[in-house]
Amino acid sequence: MSAKGIRVTGAIAVFFMLTLSAMTMEAKTKVTEASFGKMPDGTPVDIYTLNDGKIEARITTYGARIVSIDAPDRNGKKADIVLGFDSLEGYLGNEPYFGAIVGRYGNRIAKGKFTLDGKTYSLPINDGPNTLHGGRKGFDKVVWKGKQIPNGVELTYLSKDGEQGFPGNLTSTVRYTLVGDDLKIEYSATTDKDTVLNLTNHSYFNLAGQGSGDILQHVMQINASHFTPVDATLIPTGEIAPVEGTPFDFRTPHVIGERINADNQQIHRAHGYDDNWVLDHPAGKLSVAAIAYEPNSGRTLEVLTTQPGVQFYTGNFLDGTLKGIDGKVYNRRGAFCLETQHYPDSPNHPSFPTTELKPGQQYHQVTIFRFGTRAK
Ligand code: BGC
C-alpha cells in the first residue's frame, strides 16, 4: 500500500475508534421500561428505570414524574431520597405533585386570569382564589408519551388549545438523563398560538431518606440576593425585595430550621418557606441555584438551572395523612422542594421576565439535580 493509502486507512480507523468510544460513552446508563399500571380509562402507564451504577432513578409517564431516586450516603449506603408512591394508585389520589412535571404554568396565577394580546383568559381556580400548577388537571395528571433515549427517557405531551383555559396547542418535551452524579432535566416546547408557560419539576427531597423525619436539620444555600414577597394568597406583590437581614437570606449556608418559625410576615403567610427566590446568575446561564446538605448521611444535592427563579418550599402543607413508598408516613416539613422556574404570576407582572411563547419560538430550559456526599 502507498504511503497515502496507509494515511487514509489510518485516518478511517481512528475515525471509527473515536465514533465507537463516543457511542459507548454516550450510552453508559442502563435504561429499562416496565408497566406501572393503567389509568381508570385503560390508558397504559409506564415506568422507566435509569441506572448508572451509582444512582438509580425511576420515572413514570404519569405526570412525567420522578418516582424514586436511590443515592448513596457518605458510606455508600443507598436510600430513596424523594417522596413518592409504590404504585400508580397512590398518584391518582389526592397528593401534592410528588415528583411531577408541573405545567402549563407552575405556581400561581392570580384569580386564574391573565391577558395576552388583548384577550383575557380564565383558568380553573384550585387554590383559594387563584390557579395553582396549571389548574385542576395540569401536566402532573396526564399520561405523557415515553421513549428511551441514550442514558434516559424522553417524555412528550400535547396540551390542546384551550386545555385548562390556556391558548395554543403546546407540545412539551421533557428529557431526563442520568450520567454520573447528574440527573438532568431538559425542557423544550413549541406552540401554534401565543401562550404562556412555566414548566418545573416538583420533587420533594429528604436527603436522609424519604419518610425519615423532617428536613429542619438540612443545611441550605440559595444563590439569590432577592426574592418575590407575596400577598396573603401567596401571589407576588410585584416587589423584588432584598434577602439581606431576613430569614430568606441563604446566600451563605443556613440550617433550614434556624429561621423557619421566625416572626416574619412572609414566613407567617407561607407557614414556613414557600417563596420564589430571584437567582443571581445571568439570565439563561446554567448555574448553581441551590445546594442542600444533610449532615448525618453526608448527602448533598446541588441544583443547577438556566431558569431565573427557584421556589423553595418546605412541605408546610404535608400533614401525615399520606403514606408513601414502603408505607412511610409523610409528615409536615418531611421534605423540601427546589422548583426551578419563572416567577409566579408572571403573566400579570410585566416587570418580571416574560413567560410568553410565540409560534416559531423554541422554549428551552435545563435543570440538573447533582447528587453527592460530603465527609464529616
Ligand atoms: C407551592 C405550595 C404548594 C405546593 C404543593 C408549591 O409549589 O408553592 O404553595 O402547597 O407546591 O401544592
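Residues numbered from 1 in each chain as written. Predicted model: local features only at pLDDT ≥ 70, side-chain atom pairs only at ≥ 80, totals over all residues. Heavy atoms only, no water.

**Brief notes about the overall build of the protein**
- Along the backbone of the protein there are 3 helices and 27 strands.
- What you see for the protein is a C-alpha radius of gyration of 22 Å, in line with the 21 Å of a compact globule of 376 residues.
- Across its three principal directions, the C-alpha atoms of the protein cover 80 × 55 × 45 Å.
- In the protein, which comprises 376 residues, the proportion classed as buried is 55%. (Helix = DSSP H or I, 4+ residues; strand = E, 2+ residues; numbered from the N terminus. Rg over C-alpha atoms; globule rule 2.2 N^0.38 Å. Buried < 20%, exposed > 50% of the residue type's maximum accessible area, 1.4 Å probe, protein only.)

**Section: the sheet that holds strand β1 (residues 30-38)**
- Strand order in the open sheet formed by 5 strands is β1-β2-β3-β4-β5, and the pairing between neighbours is antiparallel. In the strand order of this sheet, the two ends are held by β1 and β5 (78-80), each with one partner. Pairs of neighbouring strands in the sheet enclose a mean axial angle of 15°, with direction left out of account.
- Both strand β4 (residues 65-72) and β5 contribute to a ladder of 3 bridges, which runs antiparallel. Looking across to β5, one finds that D70 is bridged to D80. (Pairing = 2+ DSSP bridges. Axes fitted to C-alpha atoms, helices over the stretch in contact; angles between N-to-C directions.)

**Remarks on the site of the ligand**
- Around the ligand sit Y97, N107, R108, L132, H133, H202, Y204, D274, Q311, Y313, F317 and E339, and that is every residue in its neighbourhood.
- Within the contact set of the ligand, an oxygen atom lies 3.2 Å away from a side-chain nitrogen or oxygen of N107.
- A distance of 2.7 Å is found between an oxygen atom of the ligand and a side-chain nitrogen or oxygen belonging to R108.
- Protein coverage of the free-state accessible area of the ligand, which is 310 Å², stands at 94%. (Near = heavy atom within 4 Å. Polar contact = N/O pair within 3.5 Å; in protein donor to acceptor, adjacent residues only side chain to side chain. Areas by Shrake-Rupley, 256 points an atom, 1.4 Å probe, with all protein chains shown as cover.)

**Side note on the side chain of H342**
- Secondary-structure assignment places H342 in the loop between β25 (337-341) and β26 (356-357).
- Among the residues examined, H342 registers a relative accessible area of 10% and is labelled buried.
- Engagement of the side chain of H342 in a polar contact is seen with the backbone oxygen of T354, the distance being 3.4 Å.
- Apart from residues no more than four positions distant in its own chain, H342 is found in contact with N198, Q307, P308, P353, T354, T355 and Q365. (Contact = heavy atoms within 4.5 Å.)

**Section: the packing of aromatic side chains**
- Counted according to the given criterion, the structure contains 25 aromatic pairs.
- Measuring from ring centre to ring centre gives 5.1 Å for F205 and F369, while their planes differ by 80°; the resulting arrangement is edge-to-face. Residue F205 is found in the loop between β16 (200-201) and β17 (219-222), and its partner F369 is found in strand β27 (residues 363-373); the two are separated by 164 residues along the sequence.
- Each residue in the set F205, F227, F248, F250, Y273, W277, F312, F336 and F369 is aromatic and connected to the rest through ring pairs, giving one cluster.
- Lying over the aromatic face of F250, R259 brings its terminal NZ or CZ to 4.8 Å of the ring centre.
- Here the guanidinium or amino end of R374 rests over the ring plane of Y293, the centre of that ring lying 4.4 Å away. (Phe/Tyr/Trp six-rings, centres within 6.5 Å; stacked < 30°, edge-to-face > 60°. Lys NZ or Arg CZ within 6 Å of the ring centre and 35° of its normal.)

**Some points on the side chain of H218**
- With respect to the element layout, H218 can be found in the loop between β16 and β17.
- Not counting residues up to four positions away in its chain, the partners in contact with H218 are N206, L207, A208, H254, V255, I256, Y293, E294, P295 and F336.

**Here's the deal with the pattern of salt bridges**
- Counted by the stated rule, this structure contains 13 salt bridges.
- For R108, the salt bridge is made with D127, and the minimal N-O distance between the two is 2.8 Å. Here R108, found in strand β7 (residues 108-109), pairs with D127, found in the loop between β9 (119-122) and β10 (131-132); they are 19 residues apart in sequence, far enough to count as distant.
- Taking relative accessible area as the criterion, D127 reaches 23% and is therefore assigned partly exposed.
- Residues participating in the shared-partner salt-bridge network are R65, E95, D140 and K141. (Salt bridge = Lys/Arg side-chain N within 4 Å of Asp/Glu carboxyl O.)

**Considering the nonpolar core**
- In this structure, Y176 and W277 are the most contacted members of the largest nonpolar core, which totals 60 residues.
- Sequence-distant contacts of W277, defined by excluding residues within four places in its chain, comprise I222, A224, H226, F227, V243, F248, F250, P308, G309, V310 and F312.
- F36, I47, V67 and L318 belong to the second-largest nonpolar core, a separate cluster that totals 19 residues. (Core = buried A, V, L, I, M, F, W, Y, C linked by side-chain atoms within 4.5 Å.)

**Focus: the pairing of strand β13 (residues 170-179)**
- In terms of burial, β13 is a largely internal element, 7 of the 10 residues being buried.
- Bridge analysis of strand β12 (residues 152-159) against β13 gives 8 bridges, and the strand direction is antiparallel. Residue pairing in the sheet places Y157 in a bridge with S172 of β13.
- Looking at chain direction, β13 and strand β14 (residues 182-191) are connected through 10 bridges and run antiparallel. If you follow L178 over to β14, its bridge partner there is L183.
- Connecting β13 to the antiparallel partner β14 that follows it, the hairpin turn spans 2 residues, and G180 within it adopts a positive phi of roughly 65°.

**Points about the environment of P308**
- Inspection of the secondary structure assignment puts P308 in the loop between β23 (299-305) and β24 (309-313).
- Using a relative accessible area of 17% as the deciding quantity, one classes P308 as buried.
- Spatially, the C-alpha atoms of P308 and G118 are 26 Å apart, while their sequence positions differ by 190 residues.
- With sequence-adjacent residues up to four places away left out, P308 is seen in contact with W277, V278, L279, Q341, H342, Y343 and P353.

**Considering the confidence of the model for the protein**
- Averaged over the protein, the pLDDT score is 94; the fraction of residues at 70 or greater is 93%.
- Residue range residues 20-24 is modelled with pLDDT below 50. Its contacts to residues more than four positions away, or to other chains, number 0 contacts. (pLDDT = per-residue confidence, 0-100.)

**As for the sheet that holds strand β18 (residues 224-228)**
- If you walk across this open sheet you meet the 5 strands as β19-β18-β21-β24-β25, and the pairing is antiparallel. At either end of the open sheet lies a strand with only one pairing partner, and these are β19 (241-242) and β25.

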